[in-house]
Number of protein chains: 2
Amino acid sequence: MNIILLSGGSGKRLWPLSNDIRSKQFIKIFRTEDGGYESMLQRMYRMLREVDPSAEITVATSKAQISTIHSQIGDSVGISMEPARRDTFPAIALAALYLRDIRKVPEDEPVVVCPVDPYVDLTYFRAFPELVRIIEDGGANLALMGMEPTYPSSKYGYILPETRDRVSRVLSFREKPDEETAAGYIARGALWNGGVFGFRISYVAGIAGELLGTPDYDTLFARYSDVRRISFDYAVAEQEKSIKVLRFSGTWKDLGTWNTLTEAMTENIGEAVMNEHCENVHVINELNVPVLCMGLKDVVVAASPEGILVSDKGESSYIKPFVDAMDTRVMFAEKSWGSFRIIDIQEDSLTILVTLNPGHGMNYHSHVYRDEVWTVVSGTGRVILDGEESGVAAGDVVRMPAGVKHTVIADTALRIVEVQIGREINVTDKVKYPMP
Amino acid sequence: MNIILLSGGSGKRLWPLSNDIRSKQFIKIFRTEDGGYESMLQRMYRMLREVDPSAEITVATSKAQISTIHSQIGDSVGISMEPARRDTFPAIALAALYLRDIRKVPEDEPVVVCPVDPYVDLTYFRAFPELVRIIEDGGANLALMGMEPTYPSSKYGYILPETRDRVSRVLSFREKPDEETAAGYIARGALWNGGVFGFRISYVAGIAGELLGTPDYDTLFARYSDVRRISFDYAVAEQEKSIKVLRFSGTWKDLGTWNTLTEAMTENIGEAVMNEHCENVHVINELNVPVLCMGLKDVVVAASPEGILVSDKGESSYIKPFVDAMDTRVMFAEKSWGSFRIIDIQEDSLTILVTLNPGHGMNYHSHVYRDEVWTVVSGTGRVILDGEESGVAAGDVVRMPAGVKHTVIADTALRIVEVQIGREINVTDKVKYPMP
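What you see is a predicted model, and the numbers here were worked out from it, not measured in a lab.

Caption draft 1: Representation of the relation of the copies chain A and chain B in the model. When chain A is fitted onto chain B, the two copies agree to an RMSD of 0.2 Å after a turn of 180 degrees and an axial shift of 0.1 Å. On the angle and the small slide along the axis, the relation comes out as a two-fold axis. Residue A:Ile343, judged by its C-alpha, is the member of chain A lying nearest the rotation axis, at 2.8 Å. An overlap of 98% is found between the interface residues of chain A and their copies at the interface of chain B, pointing to a shared contact surface.

Next up, the structure:
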């Protein structure tokens, strides 16, 4: 099976655990059988592999996420990198052309597209081969999954099927309605549009040629920033006549807000203490100090190096404008090469804990306005300063005055406290060089 | 006027802002006219000086607090250091003998003792000279302040006066009663015991001689750890026949819990954002990241490097057992020489931000089990390593492998990131030496 996973969004609605480079799908929030935690992405990937170990999986995403994706699910997935944010049709078209032109998948093969962030179980992925079969049988150009609604939600688009059969032709689509209208749709047998689509690569490639004027991957990639912003629903689903919907009644939850996310949590995460008068309280604590809750009801507490949210669960859906208004310096990140965390900010200095995975290193670079000092606290590696290489281990100190080209490569897992000193400390003060 | 300020308590009930070395009286929580914040101690000291600029003020306290006291109110107060915790009578006796034997205050002079932590205004301090006058007039051996009760509280001891006059003889004392009993006391004109006492130094010195067998300061100081634990109320007030109470009806609040403390706060402290559905919510945020509150009612949020409290205000009074059960590593402290804050903890390392005030320095010391690295991020000073002195400034790095004797003295305000590296990092690994 060919799968395109759509991994987008900056996920401000799950602040402070999501930030500009860590979207909600990367937060490790679900308990695994071995006692650890996995993210939405990891959970989805694990289940996809369980249903089809040999699936050709491509993640459609932005440059900022690539490193985190590899870090979380490894290198056995293809990545279709979107050079800009351009809504779902260009993203899906680019990924389809990537499959055809880069991964050399025959263009008459079906592909299933699904978003990375719903909370689902194996039954969801077991429905994918059915979508593939609908396409292969020639019964439709486009096959969708329609989720059985559980209440008249105004958050979803609706699909009106011709019949109440498990697979039915689609009569029409309806944009997000108000609750009353939604109730009317549901009475007529309407389904939620879950954003899961099956089609042949050639089908979407053809539409991309028509709508965007881009015959192949390289052309679309090169022109990506200039193509129309247009959703897949609008560009494809709502125009197509030969279209079928597969009715799905298994677990499917949108975990886009703290309210819905905590419903899927079985226990608190991180150090949390509650007194006996707490009721329906969830704590997600990524700091290394305790959170103590007393006498709270229907509250979520989320603490990370970026900030602390304390919210009534119902109100947590309205977080976005408040987060937009905040100064959102990225305080931590998990990357394929390791991770960093800002541990102290002063007027003239910034202190960062940098962790490098074995075999990984930084870019070779220098700074114009700041000095840097590394203190190695654990592990071993090699430092290159203005072309001179030397080994480092715990206790070693490396000074890099402004202008000195530098990098470090980890031999074993390497942990470094980096102190940046200067009046002008910002991420743009970085000159990169090829490795010497 | 001679004043003894009792500054005790570990203040766990205001966790996470109070800890083993920062008691509640040191938390800077009250807005000052110049836009800054002051602590209970600073607020009380400022008002005392306003009422009597030449007062002889002695703070009775433990060793752990001395440095913070000097840092907050300077060096123009005497300090009576209690070598151990031994309840209020030994503490007051030691301070009285300190006034007589060390500060050479004539022993027939009156002294007023008051706790450092009630929330009061100038009228409170203006009542002190009245207590002094009662003693000087020879009308009583002991004069107390009796607070007009505002409700039948079970938290306070009660004083039953003979009359309802402003100054009255005392009939008897009552231990903390239940609310019903308290209501009965109040009907009979009883007052709360506010722990404010006036007496001649010779009076308490005499009782100390009788009860503790200690004729002077040096003897009591030397034997302090072995003397009886006994409260001033029990040892003195409840035994004394010649005793008067001064009725006080001005502002007097016990700020011992988050619930009562937030009543005295006019605004949030630190970075805090609230949506329009928050009601009676207070945030005290000592972290440098924002706290966002949504849809909360009657809640206090307190965040510090030691942890995060989110509590219904009423329930916040019951915090102590939960804090007792926590691992309470001191994560930050303010000292007379400056301050420190632990900014990162790893298995093999500890990173600390150290700030030294101009003219101050560390002890000259070495470590057996850990290496240390200093990176100076701002200011200037002098480092001594194994007897060798050299100047340091922002950007300089100093390495101290285990065994190397070291200290640093600040010339201007000096800020240093200290990285400690080793398997055995703890405060006991410190060998002190005389300054070279």
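Caption draft 2: The pattern of salt bridges, seen in detail. Residues and elements named next belong to chain A. Overall, the coordinates contain 30 salt bridges over all chains when judged by the stated rule. A salt bridge links Asp 117 to Lys 24, with the shortest nitrogen-to-oxygen separation between them at 3.2 Å. Separated by 93 residues along the polypeptide, Asp 117 in the loop between strand E6 (110-115) and strand E7 (118-120) and Lys 24 in the loop between strand E1 (2-6) and strand E2 (30-31) bring together distant segments of the chain. The class of Asp 117 is partly exposed, set by a relative accessible area of 21%. Lys 24 gets classed as buried once you look at its relative accessible area, which sits at 13%. A salt bridge links Asp 348 to Arg 423; the shortest N-O distance between them is 3.5 Å.

Caption draft 3: Spotlight on the sheet that holds strand E23 (residues 371-378) of chain B. Residues and elements named next belong to chain B. The six strands are arranged E19-E20-E21-E28-E23-E26 in an open sheet whose pairing can be described as antiparallel. The outermost strands of the open sheet, each flanked by one partner alone, are strand E19 (332-335) and strand E26 (397-400). In this sheet, neighbouring strand axes are inclined to one another by 20 degrees on average, regardless of whether the strands run parallel or antiparallel. Relative to E26, E23 runs antiparallel, the two being bridged by four bridges. Paired with Trp 374 across the two strands is Val 398, which belongs to E26.

Caption draft 4: Representation of the interface of chain A and chain B. Counting from both sides, the interface comprises 55 residues of chain A and, opposite them, 55 residues of chain B. When residues of chain A are sorted by the area they lose upon contact with chain B, A:Leu292, A:Met294 and A:Ile308 head the list and together hold 16% of the total. Across the chain A-chain B interface, the total number found is zero salt bridges. Our count for the chain A to chain B interface comes out at 18 residue pairs in polar contact (both at pLDDT 80 or more). Looking at the side of chain A that touches chain B residue by residue, the class counts come to 35 nonpolar, 11 polar and nine charged. Pairing of strand E18 (residues 307-312) of chain A with strand E16 (residues 291-294) of chain B, which is carried by four bridges, proceeds in the parallel orientation. In the strand pairing of E16(B), A:Leu309 is matched with B:Leu292.

Caption draft 5: Quick look at helix H5 (residues 128-136) of chain B. All of the buried residues in H5(B) are B:Phe128, B:Leu131, B:Val132, B:Ile134 and B:Ile135. Taken end-on, H5(B) shows its buried residues confined to a sector of 160 degrees, consistent with a single buried face.

Caption draft 6: Molecular detail of the environment of B:Gln346. With respect to the secondary-structure elements, B:Gln346 resides in strand E20 (residues 338-346). Along the primary structure B:Gln346 and B:Pro290 are separated by 56 residues, whereas in three dimensions their C-alpha atoms are 25 Å apart. Engagement of the side chain of B:Gln346 in a polar contact is seen with the side chain of A:Arg415, the distance being 3.0 Å.

Caption draft 7: Summary view of the environment of A:Glu179. All names here are of chain A. Assignment of secondary structure puts Glu 179 in helix H6 (residues 179-187). For Glu 179, a relative accessible area of 53% puts it in the exposed group. C-alpha of Glu 179 to C-alpha of Ala 190: the two residues are 11 residues apart in sequence and 13 Å apart in space. Residues contacting Glu 179, with those up to four places away along its chain left out, are Pro 152 and Ser 154.

Procedures and definitions
Residues numbered from 1 in each chain as written. Chains lettered and ligands numbered in written order. Predicted model: local features only at pLDDT ≥ 70, side-chain atom pairs only at ≥ 80, totals over all residues. Heavy atoms only, no water. Least-squares fit on C-alpha atoms with pLDDT ≥ 70 in both. Contact = heavy atoms within 4.5 Å. Salt bridge = Lys/Arg side-chain N within 4 Å of Asp/Glu carboxyl O. Helix = DSSP H or I, 4+ residues; strand = E, 2+ residues; numbered from the N terminus. Buried < 20%, exposed > 50% of the residue type's maximum accessible area, 1.4 Å probe, protein only. Pairing = 2+ DSSP bridges. Axes fitted to C-alpha atoms, helices over the stretch in contact; angles between N-to-C directions. Buried area = accessible area lost by both parts, 1.4 Å probe. Polar contact = N/O pair within 3.5 Å; in protein donor to acceptor, adjacent residues only side chain to side chain. Nonpolar A, V, L, I, M, F, W, Y, C, P; charged D, E, K, R; others polar. Arc of directions from axis to C-beta.

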